[in-house]
Amino acid sequence: MNMKPIPVKEGNFNLKNYDETYNNFDWEEVKKNFSWHETGKVNIAYEAVDRHAENPAKKDKVALYYSDPNREEKLTFSDLKTYSNQFANVLKKYDIKKGDRVFLFMPRSPEYYMSFLGILKVGAIAGPLFEAFMEQAVEDRLQDSEAVMLITTPDLLERVPQDKLPDLKKIVLVGDTTGISGEQYIDFHQEMEQASDHFDIEWVDLEDGMLLHYTSGSTGKPKGVYHVHNAMIQHFQTAKWVLDLQEDDIYWCTADPGWVTGTSYGIFGPWLNGVTNVIRGGRFTPEDWYSTIEKFKVTVWYSAPTAFRKLMSAGEKVLKNYDLSSLRHILSVGEPLNPEVIHWGMDVFNKRIHDTWWMTETGGMLICNYPCMDMKPGSMGKPFPGIEAAIIDNDGNQLPPNQMGNLAIKKGWPSMMRQIWKRPEKYESYFVGDWYVSGDSAYMDEEGYFWFQGRLDDVINTSGERVGPFEVESKLIEHPAVAEAGVIGKPDPERGEIIKAFITLNEGYQESEELLEDIRQFVKKGLSAHAAPREIEVKDKIPKTRSGKIMRRLLKSWELGLPTGDTSTLEE
Ligand code: WTA
């Protein structure tokens, strides 16, 4: 708490003075940056791409550098407009309309971004799915959202249980479609060749839906977090002041668009500001990452603690082979940013790594470290101008500095989710009075800096990815050997948390290395690699409440050797 802050250095930042700006901020002023402020015609894809493509000074600027081990592409704002128009025409041809849910399930590629923008241009709602999802995860999300179209690759098709998805009418395939037949299939490249590059954008209302991100809670199946076009107001301004994006920046956000960071700040933030965006596909090795920075002369880099820790453990030997001097500004999101990582960043880049805090539900950054502000390592920073953050108790009363409680935000910021898809009661459960309650515990110090303490529910954060224990437990008990399962996050120095499962076995099964590995693989193949438990422990009994709820808290106390607390609700 009384740690000495790391002071501001001379920078290139857009936000010159945090306190003054915070005290005088008005979202209404931000709206003046958008063309709809004058024309009344709204669409986030127009503001992100077409607007720049129509500007002679900007149209030939590189919007997207794409690179993976097998492919290099460069698209200008004008190219992006053309291709997304073409794809919008393909969607229109197949009768996709405003409000329809169109999902994307494929690795990053230029086609991903063209399609995503095309979906928005017809006024449909984009639903990005992480490419590592397996059959069950894909089924749950497509079923719940009643998606009518999916854009995927021939390779991933086997993970799409089409017979269980009556609403899914069409599947667009990006890649070689030889040998695939059926009237539901649409060949991406074939259709694009024939499509006109002129498209009349579907103008929408600021409150119309544009994005559905599925995310995990502690109970039930993943829920569809629904975002509207209005979110652009926050994407634009946070990208300007927190990412500190400037005209000549080369910006790289390492997140996949299957997660909210990869859409809010992998698509909207940079492009709404007309900034060049680097997308690196493929898997992550420290060498790849450093070479991406070197090759594209990345100036602003937004990543995650788990990645920084990986680079840190790769050490000097790897680092010294690369010229990383282009870097001007580094940021982090997704899990607690350890002070140790910040000190490493100071050592190797001579740069502060700026933590940012927000969630899928919040749509955009809320609490951040700004380039213009002294930074306290370990603190998430201060609220973005226009955001009122507080620590509250369970009744919604604000707590004084240094007291731990629920981290809450006064509702009504521009990028706040507007619904949980088809579950109004779930949506309501996030709010206490005027406060959106995050589910994170934190405290605020006397100087207004916020400090993250942990999750208040059982949601697991493994390598920055949010995993719901219920989803994993449900999959585990589908395995013939597993009778009951309880799943927790276990602290891990590199991954933040790993997934640990406690199970009981059905009659006739004996614990063995092979069996546990088989169970692990079962979850991995059914759900996704990141949701598969790294550790499985066989128990005689899984502790439950008398109403049958698994007591994950007790499992966690056992695991950590902590006092078990109140167990009065435990069943016999
Ligand atoms: C956690 C990611 C500590 C937190 C954008 C939150 C963080 C959840 C930070 C949301 C941070 C996010 N420090 N914890 N800077 N940022 N988290 O929805 O528990 O994938 O509630 O959104 O990640 O994860 P989500």
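Analysis parameters
- Residues numbered from 1 in each chain as written.
- Predicted model: local features only at pLDDT ≥ 70, side-chain atom pairs only at ≥ 80, totals over all residues.
- Heavy atoms only, no water.
- 1 Å grid on protein atoms, 1.4 Å probe; cavity = no way out; pocket = protein on both sides within 12 Å on 5 of 7 lines; lining within 4 Å.
- Points joined across faces, edges and corners; volume = space filled by probe spheres on them.
- Helix = DSSP H or I, 4+ residues; strand = E, 2+ residues; numbered from the N terminus.
- Nonpolar A, V, L, I, M, F, W, Y, C, P; charged D, E, K, R; others polar.
- Near = heavy atom within 4 Å.
- Polar contact = N/O pair within 3.5 Å; in protein donor to acceptor, adjacent residues only side chain to side chain.
- Areas by Shrake-Rupley, 256 points an atom, 1.4 Å probe, with all protein chains shown as cover.
- Contact = heavy atoms within 4.5 Å.
- Buried < 20%, exposed > 50% of the residue type's maximum accessible area, 1.4 Å probe, protein only.
- Disulfide = S-S within 2.5 Å.
- Pairing = 2+ DSSP bridges.
- Axes fitted to C-alpha atoms, helices over the stretch in contact; angles between N-to-C directions.
- Parallel < 35°, antiparallel > 145°, perpendicular 65-115°, else oblique.
- Left-handed = near helix turned anticlockwise from the far one by under 90°.
- UniProt positions renumbered as here; feature names shortened; annotations may be inferred.
- Phe/Tyr/Trp six-rings, centres within 6.5 Å; stacked < 30°, edge-to-face > 60°.
- Lys NZ or Arg CZ within 6 Å of the ring centre and 35° of its normal.

K.L.:
So what exactly am I meant to see when it comes to empty space enclosed by the protein here?
P.N.:
A probe as big as a water molecule, rolled over the atoms, marks out the empty space that is left. This model, assessed by the stated rule, comprises two cavities of 30 Å³ or more. Each pocket or cavity is described by its volume, and for the largest cavity that value is around 100 Å³. In this structure, the largest cavity is lined by 14 residues; those nearest its centre are F133, R141, S216, E471 and H530. At the level of elements, α7 (135-145), β8 (209-215) and β24 (465-467) are the ones that each hand at least two residues to the lining of the largest cavity. Residues of the lining of the largest cavity, tallied by class, amount to seven nonpolar, four polar and three charged. Every residue lining the second largest cavity is listed: P128, L129, F130, F133, R141, H213, Y214, G258 and W259.

K.L.:
Mind showing me how you'd approach the site of the ligand here?
P.N.:
Around the ligand, 18 residues are found, and the nearest of them are D355, T356, T360, D440 and R466. Within the contact set of the ligand, a nitrogen atom lies 2.8 Å away from a side-chain nitrogen or oxygen of D355. Taken by itself the ligand offers 530 Å² of open surface, and the protein chains cover 96% of this. Ranked by residues supplied to the shell around the ligand, first place goes to strand β14 (residues 353-357) with three residues.

K.L.:
Mind showing me how you'd approach the side chain of T462 here?
P.N.:
Within the secondary structure, T462 sits in strand β23 (residues 460-462). A distance of 2.8 Å separates the side chain of T462 from the backbone oxygen of E497, its partner in a polar contact. Among residues more than four places away in sequence, those in contact with T462 are V467, R495, E497, I498, I499 and H530.

K.L.:
Would you mind showing me how to read helix α17 (residues 552-560) here?
P.N.:
For an α-helix the count is 3.6 residues per turn, leaving residues at separations of three or four pointing the same way. Within α17, burial applies to R552, L554, L555 and S557. Along its buried surface, α17 packs onto α15 (469-476), β25 (482-492) and β26 (496-505). Looking one or two residues past α17, G561 carries a phi angle of roughly 65°, positive in sign.

K.L.:
It is not clear to me how the state of the cysteines should be interpreted in this structure. Could you clarify?
P.N.:
Here is the idea: a disulfide is a covalent bond, and it sits between the sulfur atoms of two cysteines. This structure, assessed with the given rule, holds zero disulfides. Just so you know, C368 is unpaired, no disulfide at all, and the nearest cysteine sulfur is the one on C372, 11 Å from it.

K.L.:
Looking at this model, I keep getting lost on the sheet that holds strand β15 (residues 367-368). Mind explaining?
P.N.:
Backbone-to-backbone hydrogen bonds join strands into a sheet, with any given pair of strands oriented parallel or antiparallel. In space, the nine strands of this open sheet follow the order β2-β1-β11-β10-β12-β13-β14-β15-β16, with mixed pairing throughout. Each having just a single partner strand, β2 (71-76) and β16 (382-383) make up the two edges of the open sheet. Relative to strand β13 (residues 329-332), strand β12 (residues 300-303) is paired through four bridges, and the arrangement is parallel. Among the inter-strand pairings, W301 is bridged to a residue of β13, identified as I330. Docked against the sheet, helix α5 (residues 77-93) engages β1 (62-68) and β2, running at close to 95° with respect to β2.

K.L.:
Where do I start with the packing of helix α12 (residues 305-319) against helix α13 (residues 339-349) in this structure?
P.N.:
Geometrically, a packed helix pair is captured by the angle between its two axes and the distance between the axes. Put simply, α12 and α13 touch, their axes get as near as 11 Å, and they point 30° apart. Put simply, α12 runs roughly parallel to α13. Handedness of the crossing formed by α12 with α13: left-handed. Here α12 contributes F308, R309, L311, M312, E316 and L319 to the contact with α13, which in turn contributes E340, V341, W344, V348 and F349. For the contact of α12 with α13, a count of residues per class yields eight nonpolar, no polar and three charged.

K.L.:
Is there a simple way to explain helix α9 (residues 232-241) in this structure?
P.N.:
Most of α9 is tucked away, with nine of its ten residues classed as buried. Within α9, burial applies to M232, I233, Q234, H235, F236, Q237, T238, A239 and W241. Where α9 is buried, its residues meet α1 (18-24), α2 (27-31), α3 (36-39), α4 (44-53), β8 and α10 (260-272).

K.L.:
Just to check I follow, could you spell out the UniProt feature "domain: AMP-dependent synthetase/ligase" (unreviewed entry) in the chain for this structure?
P.N.:
The UniProt feature table records "domain: AMP-dependent synthetase/ligase" (unreviewed entry) at residues 57-420. Secondary structure across residues 57-420 divides into 29% helix and 23% strand, with the first and last C-alpha atoms of the span separated by 41 Å.

K.L.:
Hey, could you run me through the sheet that holds β26 in this one?
P.N.:
Strand order in the open sheet made by the three strands is β25-β26-β27, with mixed pairing throughout. The open sheet is flanked by β25 and β27 (535-538), the only strands paired with a single partner. Going across the sheet, the axis of each strand differs from the next one's by a mean of 25°, ignoring polarity. The pairing of β25 with β26 spans ten bridges and is antiparallel. Following the sheet pairing, K490 is matched in β26 by I498. Where α15 meets the sheet, it contacts β25 and β26, and its direction lies at approximately 140° from that of β25.

K.L.:
Would you mind showing me how to read the packing of aromatic side chains here?
P.N.:
Each pair of aromatic rings is reported with the distance of its centres and the angle of its planes. Counted according to the given criterion, the structure contains 35 aromatic pairs. When the ring of W241 is compared with that of F384, the centres are 5.8 Å apart and the planes differ by 35°; the resulting orientation is tilted. On the criterion of sequence distance, the pair formed by W241 in helix α9 and F384 in the loop between β16 and β17 (389-392) is long-range, its members being 143 residues apart. F384 matches W241 in its accessibility class, with the two residues each being buried. A ring pair is formed by W413 and Y436, whose centres lie 5.5 Å apart and whose planes are at 75°; its orientation type is edge-to-face. Here W413, found in the loop between β18 (405-410) and β19 (419-420), pairs with Y436, found in strand β21 (residues 435-444); they are 23 residues apart in sequence, far enough to count as distant. Given the relative accessible area of 2%, W413 is considered buried. Put simply, the rings of Y18, Y22, F25, W27, W241, Y370 and F384 touch in pairs and so form one group of aromatic residues. Sitting above the plane of the F133 ring, R141 keeps its charged end 4.2 Å from the centroid.

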